[in-house]
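Each chain, written out:
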Amino acid sequence: MSQPEYQRVDSPDASTVFEYHDLTPPTTADVYRARQTLRDHLPETPLVRSEWLSREYDAEVYLKREDTLPTGSFKIRGVATVLAGLDEAFRDQGVVTASTGNYGRALAQAARWFDTEAVVAVPEGTGQNRIDGIERLGGRIEVVGDDYDDSAEWAADLAAEEGYRYVHPGNERLVMAGTGTAGLEIAESLPEVDVVLGPVGAGSIGAGYPLSVGSVTDADVIGVQAASVDAAYRAWQTGELTPQDEANTFADGIAARVPYALPVRVMREQLDEMYTVSEEEIVETVAAMFREERIMMEGACAPPFAILDELRDELAGKTVAIPVTGRNLPASKVEQVMALQ
Ligand SMILES: *Cc1c(COP(=O)(O)O)cnc(C)c1O
C-alpha cells in the first residue's frame, strides 16, 4: 500500500509528476548551492580554446569539455544534485527513471555515491553498450515496453507503488541548478564571455546556463534544438506545452518529445534566443568536429555548433563558449560519422 506522498498529482504538461516535484523555478542561489554539493564529487571541466572555430568565425571560441565528466556527459551534475538532497525515506528505498542513455547512467553513478538503489527502465532494443554502462555502475536495468513512453510509465508506476523517488525527465529544479554549475565555471574562467550557446532537449542547459553564466556575466545565452524534435522550441515561442508524436533524430540525447513545464517556463523567462538546426547539419557538424578537433561528440552536442554559420556576423570579434555535452555516441553512429570524413 502506498503512502499519500507517493501519489501522482495533476501535471501541468504531458508527463507524470508527483507531489515532491517542486515546480518553483530554481534561482542563481540554487546553482551556487549545487556547486557546494558537487564540489566533493566532480572536478571542474576544462575550458579549451578551439583554434579551428576561432579562426573560422573570427571570434574567441571556447569548448567546455563536459564530455570529460564521470559517465561521459554533463548529466551527472544535475542528477547528483538531486540525489544529494534526497529525503531519507527515498534514500532507503531507491530512485527510478526511464532513460536510454546519459540520464540513466548518471542516475546509477549518483546512486552509488549517495548510497541508494537506482532503477533505470529502458525500452526493448536499447543498445547493449548502454545497458552495460548503467549496470557497471550498479544500476538495476528493467527492459520494459516498446518505446521511451512505455518505460516512463512503468517507472512512474514503480514510484507510486513502491515508494521509489521518480527522477523526472524535465521537471526537476535541482537538475537545472546542478547543470548550471558548468555555467558558473565558464563565468569564472572567462568573465569576458559575450555569448554562450547550448543544446536543448528537455532544457536543463537551456534553463541552467541563463541562471548561472547568464546572470553573473553580461553574456547572452542561446539555446539550439534539432528541427526534427523541436517541442521545447515551439513551447518556448508560444507558451503552449504541446508534445509531438514522434522523436526521431540522430541527436538521440535531445530527442525530447514532450515539452516540460518547468524548464520551458525558465527558458521563456531567461533564455535570450533559441534556434533549430536540420538533421543534415547535425550529422555534418559531428563529422566536422572529429575532422578538425579529433573530438568524437554525440549528436546531442551538435546544434549550437551547427548554428554558428548562421550567426557568423553577430559572433565576429566576440568571446563565445559552447559545451561539448557528451561522448557516448553509439558505434553505429560513429560509423555514419566516419563515412563523412
Ligand atoms: C541530455 C543531453 C543534452 C540535452 O540536455 P537537456 O537537459 O535534455 O536539454 C545534450 N547533450 C547531451 C550529451 C545530453 O545527454
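For every chain, the first residue of the written sequence is number 1, and numbering continues from 1 along that sequence. Local features are withheld for residues below a pLDDT of 70 in this predicted model, meaning they are given only at 70 or higher, and side-chain atom pairs are given and counted only at 80 or more; totals for whole chains, interfaces and linings count all residues. Derived side-chain values reflect all non-hydrogen atoms in the structure, with water molecules and hydrogen atoms excluded from consideration.

A few points about the pattern of salt bridges
For side chains of opposite charge, pairing can occur when their charged atoms come near one another.
So, step 1. One side-chain nitrogen of Lys or Arg within 4 Å of one carboxyl oxygen of Asp or Glu is enough to make a salt bridge. Evaluation of the coordinates by the stated rule reveals 21 salt bridges.
So, step 2. Arg-257 serves as the salt-bridge partner of Asp-149, at 3.1 Å between the closest nitrogen and oxygen. Residue Asp-149 is found in helix 7 (residues 148-162), and its partner Arg-257 is found in the loop between helix 11 (231-238) and helix 12 (261-270); the two are separated by 108 residues along the sequence.
So, step 3. Buried residues are those whose accessible area, probed at 1.4 Å on protein chains only, stays under 20% of the maximum for their type, while exposed residues exceed 50% and partly exposed ones sit between those limits. On the basis of relative accessibility, which here comes to 22%, the residue Arg-257 falls in the partly exposed class.
So, step 4. Between Arg-291 and Glu-284 there is a salt bridge, with the nearest N and O atoms lying 2.8 Å from each other.
So, step 5. A residue is classified by how much of its surface remains accessible, and Glu-284, at 35% relative accessible area, is partly exposed. Only runs of H or I of at least four residues qualify as helices and only runs of E of at least two qualify as strands under DSSP, and these elements are numbered from the N terminus.

Observations concerning the domain arrangement of the protein chain
So, step 1. As annotated, the domain borders come from an automatic or database domain assignment. We note that the domain assignment places domain 1 (28-74 + 174-338) and domain 2 (76-170) within the protein chain.
So, step 2. A separation of 23 Å is found between the C-alpha centroids of domain 1 and domain 2.
So, step 3. In this complex, domain 1 contributes 29 residues to the contact, which on the side of domain 2 involves 21 residues.
So, step 4. Both sides together, the interface formed by domain 1 and domain 2 hides about 2000 Å², and carbon and sulfur atoms give 58% of it.
So, step 5. Three residues stand out in domain 1 for area buried against domain 2, namely His-41, Thr-71 and Val-175, and they jointly supply 27% of the buried area on that side.
So, step 6. Joining domain 1 to domain 2, the criterion identifies four salt bridges. We call two residues in contact when some of their heavy atoms are within 4.5 Å. By convention, the term buried area covers the 1.4 Å-probe accessible surface removed from two parts as they join, with the contributions of both added.

What about the sheet that holds strand 8 (residues 165-166)?
So, step 1. When DSSP finds two or more bridges between two strands, those strands count as paired. If you walk across this open sheet you meet the four strands as 7-6-5-8, and the pairing is parallel. Each of the sheet's edge strands pairs with one partner strand only, and the pair in question is strand 7 (140-143) and strand 8.
So, step 2. Judged from the two bridges that link them, strand 5 (residues 95-98) and strand 8 form a sheet pairing that is parallel. The residue bridging Val-96 from the neighbouring strand is Tyr-166, located in strand 8.

Thoughts on unusual backbone geometry
Where the residue is not glycine, phi is negative for most of them; where a peptide bond is considered, it is trans in most cases.
So, step 1. Residues other than glycine seldom take positive phi values, yet Thr-71 does so here, at roughly 80°.
So, step 2. Residue Thr-71 is classed as buried on the basis of its relative accessible area, which comes to 12%.
So, step 3. Phi at Arg-294 is positive, roughly 55°, even though this residue is not glycine.
So, step 4. Along the chain, Arg-294 falls in the loop between helix 13 (279-293) and helix 14 (302-306).

Focus on the site of the ligand
So, step 1. If even one non-hydrogen atom of a residue comes within 4 Å of a molecule or strand, that residue is called near it. Surrounding the ligand, one finds 15 residues, the nearest of these being Lys-75, Gly-201, Gly-203, Ser-204 and Thr-325.
So, step 2. Under the rule applied, a polar contact is a pair of N or O atoms within 3.5 Å (in protein, one hydrogen donor and one hydrogen acceptor; residues adjacent in sequence only if both atoms are side-chain atoms). Here an oxygen atom of the ligand sits 2.6 Å away from a polar atom, N or O, in the side chain of Lys-75.
So, step 3. Interatomic distance of 2.8 Å between a side-chain N/O atom of Asn-102 and an oxygen atom of the ligand.
So, step 4. Here the ligand, which alone exposes 380 Å², has 96% of that area covered by the protein.
So, step 5. Classification convention: Asp, Glu, Lys, Arg as charged; Ala, Val, Leu, Ile, Met, Phe, Trp, Tyr, Cys, Pro as nonpolar; all other residues, Gly among them, as polar. Grouping the amino acids of the shell around the ligand by side-chain chemistry returns six nonpolar, seven polar and two charged. Method for areas: the Shrake-Rupley scheme with a 1.4 Å probe, in which residue coverage is limited to the protein chains shown.

Considerations on the nonpolar core
So, step 1. We call a set of buried residues a nonpolar core when its members are Ala, Val, Leu, Ile, Met, Phe, Trp, Tyr or Cys and they connect through side-chain atoms within 4.5 Å of each other. The biggest cluster of nonpolar side chains holds 43 residues, and the ones touching the most others in it are Leu-83, Val-96, Leu-107 and Tyr-166.
So, step 2. For this core, the secondary-structure elements that each account for two or more residues are helix 3 (75-84), strand 5, helix 5 (102-113), strand 6 (118-122), helix 6 (128-135) and helix 7.
So, step 3. Residues in contact with Tyr-166, not counting those within four places in the same chain, are Thr-16, Phe-18, Tyr-20, His-21, Val-96, Thr-97, Ala-152, Ala-155, Ala-156, Ala-159 and Glu-172.
So, step 4. In this structure, Leu-53, Tyr-57, Val-286 and Val-337 belong to the second largest nonpolar core, which totals 36 residues.

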